[in-house]
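Chains, contacts and geometry: an overview
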Amino acid sequence: MKSFKSIRYRQVHLDFHTSEHITGVGSNFDEEQFISCLQSAQVDTINVFAMCHHGWSYFDTKVGKPHPHLETNLLPRMLDACSKNDIEAPIYITVGFNELSAREHPDWVAIAPEGDDPYGPPKSADPEAPRSTGFDGWHMLCLNTPYLQYLLDYTKEVMERFQPVGIFYDIVGEYPCVCSFCRDSLKEMGLDENNPDHRKQLAKKVYLNYLQKTSELIWSHNPETRLYHNCCTEKMGEKQYYPYYSHYDIESLPTGGWGYDYFTSMVRYIRKQDFQYLGMTGKFHKSWGEFGGFKNPAALKYECQQMLAFGARICIGDQLHPDGRMDEETYRIIGEAFDGIAAKEPWCKDTTSLAEIAILSANARMDAEDSRTSDMGAYMMLEEGHYLFDIIDDSVDFSVYRIIVLPDCIRVSDALQRKLEDYIAGGGNLIMSAESGLRSDRPEFALDLGVEFDGKSEWDVDYTLVTDQLTGSLVRSPFLNYESGYKVRVDRAEVLAQSYRPYFNRRYGHFCSHLHAPAKEEADYPAVIKHGNIIYLAQPLFRLYRKHGVQLYRDLFLACVKQFISAPTVKTDLPSAGKVNLTRQSNGTDYVLHLLYAVPILRGDTQVIEDVLTLKDISVQIKLDEKVKQVMLLPEMTMIPHRTDDDGYTSVSVNLTGHQMVLFET
């Protein structure tokens, strides 16, 4: 039976993708210097490398091929040094990228179907032409070829020789392919190689076969070995892969294309799954593979604090110089980022994050890119409003949430309809927008909204004018929607906001001003209606907010939230760029509120964090089921004054520099 011990908190992922054109590999490796760097940075775990993207190994392998210029048995020396110093060392094995195998076995290389983006560099590339960087710079190997058996044999050697605490497989996923092996498989399955859906069907089968065989091999040797498959194609909701993981690694270098929203959105989904998880960022200024790239220490520290605040273990990516000597400046910066983490760890283990709102992920239910955009718009609004919320799929228990949000494009199956009806009957509330709530098979609402659906508006843009029922900072004039809404005819619903139509759509035959015509009059459909426990917004507000960042869209949505939650669990005057997370401690009676604040700014083409300001006297009010006895700042255990009002809110005032933990003992 599989059993995995707890993952440690302060990790480094050490890449070592080293060309055969480089000599003296590992020549300057020194155990004492290696361990000194790790210990000075308070590192307790490091992923070390068996085989890299170039296809070379860094030990005296019998299955693979050692790097031709390897001057020392590097992997065993690293493992031995870590073992003697109580540093865990999972082993890294490349999967998808393997340049050596691509050269020696060109029939193992994955071939993208015509019309798809190609995998890797072109076959006829001039050897002296500049090579693509990043994902496009490597050949992709197909796991439907004998390459899979090579990986299995290699993994068996690693398991038998080193008995590692974990295996980290890299660059895996579902890659539709039309190599000769895949074409033969499609034919044997009675599928058409020219049909994109059939190719995706085979790609899923090939990937699941890889997952099954690798995990069975590893866990047959040792059921306690941790295992992670770093999938490049996975999205929320694909739980068929989870049995083959021991934990989940949220790779999200904010500067490398992920952005500062990715981790905190993904973690709100992953924390609802039944395994430990960690976040992975990098020490690089931008992304993987930089030599001599250094992230601002303030940014790296904030990223680590953010992972800790949301219940994740922390992993920082680095890349070793080919000569094997650790860069001491890198570990000085990593040490600054990890400073204070160990003291906070006791209040972050075995906790439960609390949420009163859930976003039902559109991306978990469909493949369309706009579904991810809609999810992220809803995430941004709730994050900036400082609500406690999760991102979920339809397998979880809805009843624990006060509101469930269906952003923009969630069509409703019969099974989901029954679940939503039960949720509403139990007192739950829904907020839906645009196409959300329509039946999967036809354009009519699956639930009773007190309106009839009439299809998409004919206008390119439209406008929203709110009524007095929606309070807050909303303007009392029609404001622009960059994409128009869906038409509904009101029967029994209450109108909270009205749509306005423009004079006309912008055409060559008639146009007005630079962009679009102004609002003319009320349209024949509302913008926001409320019927019982359901609010419906006609415009795709979440997609619009993600794309355009109009504060009025967020204000409109949060005004709708207040229709159902007038007294949220947490209230704070933290600025909108701040983040909050509330956890219940394992004793079941104490709570820790995490407050975060830093502002990423765009410099060049990269988001950076440099100035982490101290915010003074941030007001926090929290309403718990139990009476608060005392409040302390963590990890110092400094008592701070508090008061509890007649409504049950306990109020405190705190200062915040990057990350602050506040303990409420009940």
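Throughout what follows, the structure given in this document is the object of discussion. All figures in this text were calculated on a predicted structure; none of them were measured in a lab.

Describing the packing of helix 1 (residues 31-40) against helix 2 (residues 74-84)
At a closest axis distance of 10 Å, the pairing of helix 1 and helix 2 adopts a crossing angle of 55°. Viewed along their axes, helix 1 and helix 2 adopt a mutual orientation that is oblique. In the crossing of helix 1 with helix 2, the sense of the turn from one axis to the other is right-handed. Together, Glu31, Phe34 and Ile35 of helix 1 and Arg77, Met78, Ala81 and Cys82 of helix 2 make up the contact between the two elements. The residue inventory of the contact of helix 1 with helix 2, partitioned by class, reads 5 nonpolar, no polar and 2 charged.

Brief notes about unusual backbone geometry
For the bond from Leu634 to Pro635, the omega torsion is 5°, close enough to zero to count as cis. When you line up the elements, Pro635 lands in the loop between strand 27 (630-634) and strand 28 (638-640). Unusually for a residue other than glycine, Gln42 sits at a positive phi of about 65°. Among the structural elements, Gln42 can be located in the loop between helix 1 and strand 2 (45-51). For Gln42, a relative accessible area of 28% gives the class partly exposed.

Notes on the sheet that holds strand 26 (residues 614-622)
With respect to topology, 4 strands assemble into an open sheet ordered 21-26-30-29, the strand pairing being antiparallel. In the strand order of this sheet, the two ends are held by strand 21 (570-572) and strand 29 (643-644), each with one partner. With 2 bridges connecting them, strand 29 and strand 30 (residues 650-657) associate as antiparallel partners. Within the sheet, the bridge partner assigned to Arg643 lies in strand 30 and is Ser651.

Observations regarding the pattern of salt bridges
The full count for this structure, using the stated rule, is 41 salt bridges. In this structure, Arg77 engages Glu31 in a salt bridge whose closest nitrogen and oxygen atoms are separated by 2.7 Å. Note that Arg77 is positioned in helix 2 and Glu31 in helix 1, a separation of 46 residues in sequence. Accessibility expressed as a relative area gives 25% for Arg77, which makes it partly exposed.

What to know about the packing of helix 13 (residues 541-548) against helix 14 (residues 551-564)
Across the interface, helix 13 lies against helix 14 with an axial gap of 9 Å and an inter-helix angle of 145°. For helix 13 against helix 14, the interelement crossing comes out left-handed. Touching Leu541, Phe542, Leu544 and Tyr545 of helix 13 are Gln551, Tyr553, Arg554, Leu556 and Phe557, all from helix 14.

Brief notes about the sheet that holds strand 3 (residues 91-94)
Pairing is parallel across the open sheet formed by 8 strands, whose spatial order is 5-4-3-2-1-8-7-6. Every other strand in the sheet has two partners, leaving strand 5 (226-231) and strand 6 (247-251) as the edge strands with one partner each. Geometrically, the sheet is characterised by an average inter-axis angle of 25° between neighbouring strands, direction not taken into account. As judged from the 6 bridges shared by strand 4 (residues 166-172) and strand 5, these two strands associate in the parallel manner.

A closer look at the pairing of strand 20 (residues 534-537)
Neither face of strand 20 is open: one carries Ile534 and Tyr536, the other Ile535 and Leu537, and all of them are buried. Strand direction decides the pairing type here: strand 13 (residues 429-433) and strand 20, joined by 4 bridges, are parallel. Across the sheet, residue Ile431 finds its bridge partner in strand 20, namely Ile535. Across 4 bridges, the pairing between strand 19 (residues 519-531) and strand 20 is antiparallel.

Regarding the packing of aromatic side chains
We describe a pair of aromatic rings using the distance from one ring centre to the other and the angle between the two ring planes. As enumerated under the stated definition, the model contains 34 aromatic pairs in all. A ring pair is formed by Tyr207 and Tyr210, whose centres lie 5.8 Å apart and whose planes are at 15°; its orientation type is stacked. Here Tyr207 and its partner Tyr210 are both found in helix 6 (residues 196-221), 3 residues apart, which amounts to about one turn of the helix. In this structure Tyr207 comes out as buried when scored by relative accessible area, which is 1%. For the pair Phe398 and Tyr423, a centre-to-centre distance of 6.1 Å together with 85° between the ring planes defines the contact as edge-to-face. Taken together, the residues span a long stretch of sequence, with Phe398 in the loop between strand 11 (389-392) and strand 12 (403-406) and Tyr423 in helix 12 (residues 414-425) at a distance of 25 residues. For the pair Phe398 and Tyr423, one class covers both residues: buried. Taken together, the aromatic side chains of Tyr92, Phe168, Tyr228, Tyr242, Tyr245, Tyr248 and Phe275 make up a single cluster linked through ring pairs. For the cation-ring pair, Lys283 lies above Phe294, with the distance from its terminal atom to the ring centre recorded as 4.1 Å. Its guanidinium or amino end placed over the ring of Tyr649, Lys571 lies 4.2 Å from that ring's centre, counting from NZ or CZ.

Some details on helix 5 (residues 180-188)
Of the positions making up helix 5, those classed as buried are Cys182, Ser185 and Leu186. An end-on view of helix 5 places all buried positions within 100° of arc, on one side of the element. Away from its buried face, by an angle of more than 90 degrees, helix 5 presents the exposed residues Lys187 and Glu188. Of the surrounding elements, those touching the buried residues of helix 5 are helix 6. A positive backbone phi angle near 70° is found at Gly190, which sits one or two residues after helix 5.

Some remarks on the side chain of Ser499
Note on placement: Ser499 falls in strand 18 (residues 494-502). Residue class for Ser499 comes out buried when judged on its relative accessible area of 0%. Here Ala527 takes part through its backbone nitrogen, which lies 3.4 Å from a polar atom of the side chain of Ser499. At a separation of 3.2 Å, a polar atom in the side chain of Ser499 contacts the side chain of Gln539. If we ignore the near neighbours within four places in the chain, the residues touching Ser499 are Asp462, Tyr463, Glu522, Ala523, Tyr525, Pro526, Ala527 and Gln539.

Points about the nonpolar core
Membership of the largest hydrophobic core comes to 166 residues, with the highest contact counts inside it found for Phe34, Ile91, Ile93, Tyr248 and Phe557. Once residues within four sequence positions are removed from consideration, Phe557 is found in contact with Met381, Leu382, Val405, Ile431, Leu541 and Phe542. Among the nonpolar cores identified, the runner-up in size contains 32 residues, and Ile392, Leu416, Leu449 and Tyr486 belong to it.

Rules used in this analysis
Residues numbered from 1 in each chain as written. Predicted model: local features only at pLDDT ≥ 70, side-chain atom pairs only at ≥ 80, totals over all residues. Heavy atoms only, no water. Axes fitted to C-alpha atoms, helices over the stretch in contact; angles between N-to-C directions. Helix = DSSP H or I, 4+ residues; strand = E, 2+ residues; numbered from the N terminus. Parallel < 35°, antiparallel > 145°, perpendicular 65-115°, else oblique. Left-handed = near helix turned anticlockwise from the far one by under 90°. Contact = heavy atoms within 4.5 Å. Nonpolar A, V, L, I, M, F, W, Y, C, P; charged D, E, K, R; others polar. Buried < 20%, exposed > 50% of the residue type's maximum accessible area, 1.4 Å probe, protein only. Pairing = 2+ DSSP bridges. Salt bridge = Lys/Arg side-chain N within 4 Å of Asp/Glu carboxyl O. Phe/Tyr/Trp six-rings, centres within 6.5 Å; stacked < 30°, edge-to-face > 60°. Lys NZ or Arg CZ within 6 Å of the ring centre and 35° of its normal. Arc of directions from axis to C-beta. Polar contact = N/O pair within 3.5 Å; in protein donor to acceptor, adjacent residues only side chain to side chain. Core = buried A, V, L, I, M, F, W, Y, C linked by side-chain atoms within 4.5 Å.

All quantities given are derived from atomic positions and should not be read as evidence of function.
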